[in-house]
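# Working through the structure, step by step
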Amino acid sequence: MEAGCRGGSAGLAAALPSQPPLRIAVGKARELRAIKSEVSATLVRVEYKGSVLGDSSKADVSADGTAEYSLECSLECSPAGPTALHDLAQQPLLLTVIEVLPKDKKQKEKTMPLAQAVVDLLPLLQGQCSLKVSAPLYAVPTSPSESLHPQAKGGLEVTVCTPEPLLSAAQLSSGNLLSITLEAAYSVPEALAPAGPLQSYVACLQVPAAGEQDLPLLFKNGLLKLPGEKEPLPRPKKWPLDDILAPAALSIPSSFILGGPFEDEDGELNKPEDREFRTQAESRRRIVWDTESRRYLDPAAVLHLQQQILECRCWPVELCRVSLASPSKGKGNKADKGDEDRQLSFHGVAYVNMVPLLCPGVRCLRGAFPVHSYQDSEVLEKTKRQHSAFRDLRTQLSLSKEGSWTPGAGSSRPAPSRAQKEDREKPLVRRMSTVSKMQSDASAEADSMASASLDGQQYDEAGTFLLLEIKLDKALVPRRAQEELSRRIKEMIPPRPPLPPRTSGAKKAVEDYHNHVSSIAVSILREYHELFGKQLPEQGAIDHQALEDQKHQLCFKLNTSGKYFAFKEQLKYAVVNIVREKYLKTTAFESQEQLQAFLSELYVYLVEQMHIALNQLLFEEPAPPAPPAHTPQEQLWLCAREAEFNKDYKLASLYHQQRVAQDQCNAQPWLDYGIFCLLLQDTPKAQQCFQQALSLDPHNLQSLLLCGIVAVTLQHCEEAEIFFESACCLEPSSVVAWTLSGLFYELQANDVQAEMDFREAKKLLGAQGRSIPEALQGEGGQEDTSNGCLRSPSPAPEEPGPERAPDGSADKLPKVVEPARACAAPKEEATAPETAPGAPSPGSGFGQPPCSIFMKAVEFLLKVNAVQHCRAKQTFLLACKSSASCLTWLGVGIACYRLEELVEAEAALSEANAISNTNAEVWGYLTLICLQGGRELEAQQCYKYTLKPKRFADCTWEMRCGHSPELLPSPLAPGPLSAPRRQREATAVPGPGKGQGEAGRAVAAPALA
């Protein structure tokens, strides 16, 4: 394979100065006798791009198989010369060891190629000035009668050096290396089999250069393989060389085709439904190249490459069968014209989407791309290419005449010949005859074009696709490092001083009581010292009667001086505060018995606290710590959630603030408080909470996403981009992070980055869908549910939820069962609870991922109060009309439930239950609705089905924070509920399966805006 025209060489010459020649030195060859045992004398020849750089003198081969050549030669490398820098990346140095045969008398000395070696010159373009290798020698196959060992390898010492680096530091940092590997064309038509010996299979791709004209890369000598075994993996890549004599030397050292899961590819045939076709195509008829072509791109060419991708996303890769011209054919005649027109046939084209290379950090693009019939109009529309790449490669394709170019239907007619121009000046009779001849030739040419077009159509019928890889040494758009993103985030978040410790009322009242007791005790002790002095009695000389007399004297002194009443008044306010704050007693007692019982309890408590205060005052050893008086975080969270559902937002705010004050170094209370502020649509305060949570835990994915959401809401787009990019960099496996990032770029009209983020999210979602059934099978269907009782309301972005892919569609809805019918009576439940209509079957599956990435994003946005439930309800209803599923109806039900539209919520949940009766969250919300309607028997049955899959639903915390009749004194909606109304018309319109994703996008994107 060679490059075609040298477009833009003048611009390259101006950009790069003339380079000194490369010095090549060939030293010793080893193990030559392992290649051929009877070799006696050899010489070595150095070639590059078909030109001989030098031959060594004849060297004798020693007994151990070594030969010393001591050959030195040079290779001129200049932008305007025959060897440019991009040639060093693509073409290796070829060394041939030639055996010198013994000559007979009066005969010239004969030679024969013995082995070949190749040296990769790419390290010289990567900053090295010297390259010293021991290149392996591969035997040149000869006739079977020779004592040759084709698999044996020798070694050849080669040194390539240059006085100074070929590229400067600026060129190394700004330049790039483009590698294109064409692996194979699979599932080719049967008619593509060679009709003769002089035929080849060729593919071509045009690569942007620094100038205006692109450089075509030609992949020749494709090998047609019949149906059979698949290609092995890994297998080596091959050099694009035509004139090599040792086939084993075509393998590029340390460069292999590794393959991989087709779901991770960037092509078109990477969906689950393509798995069977891809697997079968690998063993069908195929054309194999396994060739890698490399091209050095200077800084100007890199910019031109980016501009080309922005202007035209799809690049054409052309494929055809070429009939090579026979050497004995000569110039050809009229009889040969039909054969000449058929030299290029089966002209097809594959369109490669190059957009992924413009995404930050992307360096490789690999995938399968379908081959279509080549049509000039279609290629021009999709790729903006005026003509086929094969038009300028007639010489390299070995076509005999220009008239043999017949790419396909729609090609332009060739220019009239000189004879045809002369005929126009002749008389009318001669002109008429000429016109008739031209019409005949045009008819023949049209027939040939139609035939070539029909040949290309066979690619579509056979499902042919190309498997290729496009790789860059450095990403066109570098990804920002995590350290840089963290630094930018720290700069955006101002430091906040710690909040003053917030003490609860009961705790402060007890502390005030302790202080007053200590103060009074010091005053009494001072009075005692004034009366009796500070002299302590000797040990064992304590007189109890004397102590009793001192006590009476002290009491008399306090009473007569009025200090006793002052001490009592001082304690009275502290005791009143304890009664109000600790015991919450603010009203009069109903009976004397309640008063006496309370006074007894209060007296015991005050005496205990008095002893604690006196012990802390009189003894050096600290008193044992009192049990913590503050409420646990979990209980405060439950109280806050209960207040939210009761719409007592002032009380809920107080509980959230108390959580934050108790544990200021924990990010979770700040996140919960920020989510609560989003519920109140207080975006600035929510931003402060999320930023504080992020400063406490910089590696919290949810904090990054929420900071990005509020930044978009406040029109801080630059900050939002950093937050979303940091989230994707921190957690590359997060579907929600990639989806929200794509929605953000979509709002910014950055379609390229949005498309790539959505593709990455879909790829991750598909991988999760494949891994969940395996995980469930490995766990044996048993999961721990003990941790589902108390947890934070702010969900993780990738928190596994019970809502999963539907088991049916809108056009095949089973009979809907009311919750009342699904709940059996106690007698029936004791006998056959498994047979209740609408109950999940024992073999039903669950745990599949949501329908689309947008539905998963909407689920997250709903949980963090970033989307209003009224908007979510309308969006999910649109999704139900276009493509109804269990998830879409569940979304309608949850939205209606939060809007307190309980009748509509029950109807939507019943529809979801009819589509898939194994979703635990559907049963959980039906349980809540039955509880609020007073239907305890139905609620009990639904709750059993909630727990049957051994998985607590997302609604479990709602049941435990106040919606049960035992925990909630006054239900939100007391009284029985009427039967749910059926809305069959909402599911009467079957959709194409895209409604869920588009509806999710419709609600998720405005949530960010």
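For the structure itself, consult the block above.
Residues numbered from 1 in each chain as written. Predicted model: local features only at pLDDT ≥ 70, side-chain atom pairs only at ≥ 80, totals over all residues. Heavy atoms only, no water.

What the protein contains, in helices and strands, is 34 helices and 20 strands. For the protein, with 1009 residues in total, the buried portion stands at 47%. Of all intrachain contacts in the protein linking residues separated by at least 6 positions in sequence, the fraction that spans at least 24 positions is 75%. When the accessible surface of the protein is totalled, it reaches about 49,500 Å², and 54% of it is carbon and sulfur. (Helix = DSSP H or I, 4+ residues; strand = E, 2+ residues; numbered from the N terminus. Buried < 20%, exposed > 50% of the residue type's maximum accessible area, 1.4 Å probe, protein only. Contact = heavy atoms within 4.5 Å. Areas by Shrake-Rupley, 256 points an atom, 1.4 Å probe, with all protein chains shown as cover.)

Topologically, Gln482 is positioned in helix 12 (residues 482-492). Accessibility expressed as a relative area gives 17% for Gln482, which makes it buried. Contacts of Gln482, omitting those with residues within four sequence positions, involve Ser726, Cys729 and Leu730.

Here the focus is the packing of aromatic side chains. By the definition in use, this model includes 13 aromatic pairs. An angle of 50° between the planes, with centres 5.1 Å apart, marks the rings of Tyr528 and Phe532 as tilted. With Tyr528 and Phe532 both in helix 13 (residues 505-532) and 4 residues apart, the pair spans about one turn of that helix. Judged by its relative accessible area of 28%, Tyr528 is partly exposed. Of the residues examined, Phe532 reaches a relative accessible area of 24% and is grouped as partly exposed. Among the aromatic residues, those joined into a cluster by ring pairs are Tyr583, Phe589, Phe598 and Tyr605. (Phe/Tyr/Trp six-rings, centres within 6.5 Å; stacked < 30°, edge-to-face > 60°.)

Turning next to the packing of helix 18 (residues 649-662) against helix 19 (residues 667-679). Two elements in contact, helix 18 and helix 19, have axes whose closest approach is 9 Å; the angle formed by their N-to-C orientations is 160°. Judged by the inter-axis angle, helix 18 sits roughly antiparallel to helix 19. Of the two possible hands of crossing, helix 18 and helix 19 adopt the one that is left-handed. Within the contact between the two elements, helix 18 uses Tyr649, Ala652, Ser653, His656, Gln657, Arg659 and Val660 and helix 19 uses Pro669, Trp670, Asp672, Tyr673, Phe676 and Leu679. (Axes fitted to C-alpha atoms, helices over the stretch in contact; angles between N-to-C directions. Parallel < 35°, antiparallel > 145°, perpendicular 65-115°, else oblique. Left-handed = near helix turned anticlockwise from the far one by under 90°.)

Moving on: the environment of Thr159. When you line up the elements, Thr159 lands in strand 9 (residues 153-161). Overall, the relative accessible area of 24% leaves Thr159 in the partly exposed class. Along the backbone, Thr159 and Arg23 are 136 residues apart, and their C-alpha atoms lie at a distance of 8.0 Å.

Axis separation between helix 31 (residues 920-932) and helix 32 (residues 936-947) bottoms out at 8 Å; the angle between their running directions is 160°. By the angle between their directions, the pair helix 31 and helix 32 is classed as roughly antiparallel. Note on packing geometry: the crossing formed by helix 31 with helix 32 is left-handed. Within the contact between the two elements, helix 31 uses Ala920, Trp923, Gly924, Leu926, Thr927, Cys930 and Leu931 and helix 32 uses Glu938, Ala939, Cys942, Tyr943, Tyr945 and Thr946. A breakdown of the residues in the contact of helix 31 with helix 32 according to their chemical character gives 9 nonpolar, 3 polar and 1 charged. (Nonpolar A, V, L, I, M, F, W, Y, C, P; charged D, E, K, R; others polar.)

Generally speaking, soluble globular proteins have nonpolar side chains that are buried together. Phe690, Leu705, Leu740 and Phe860 are the most contacted members of the largest nonpolar core, which has 84 residues in total. A total of 9 residues in this core trace back to one element, the largest contributor, which is helix 21 (residues 701-713). (Core = buried A, V, L, I, M, F, W, Y, C linked by side-chain atoms within 4.5 Å.)

Let us look at helix 6 (residues 299-311). With 13 residues, helix 6 should reach 18 Å at 1.5 Å per residue; the first-to-last C-alpha distance of 19 Å fits that figure. Those residues of helix 6 that sit buried are Ala301, Val302, His304, Leu305, Gln306, Gln308 and Ile309. Those residues of helix 6 that are buried are in contact with helix 4 (169-174), strand 10 (176-186), strand 16 (286-297), strand 17 (314-323) and strand 20 (465-472). (Expected span 1.5 Å × (residues − 1).)

Take the side chain of Ser734 next. Note on placement: Ser734 falls in the loop between helix 22 (717-730) and helix 23 (735-747). A relative accessible area of 0% places Ser734 in the buried class. Of note is the side chain of Ser734, whose polar atom sits 3.1 Å from the backbone nitrogen of Ala737. (Polar contact = N/O pair within 3.5 Å; in protein donor to acceptor, adjacent residues only side chain to side chain.)

What follows covers helix 31. Counting along an α-helix, one turn takes 3.6 residues, and residues three or four places apart therefore face a common direction. Relative to the 18 Å expected for 13 residues at 1.5 Å per residue, helix 31 spans 19 Å between its end C-alpha atoms, a close match to the ideal helical length. With 13 of 13 residues buried, helix 31 is to be regarded as a mostly interior element. Taking the backbone nitrogen of Glu921 as reference, a side-chain oxygen 3.0 Å away marks Asn919 as the first, capping residue of helix 31.

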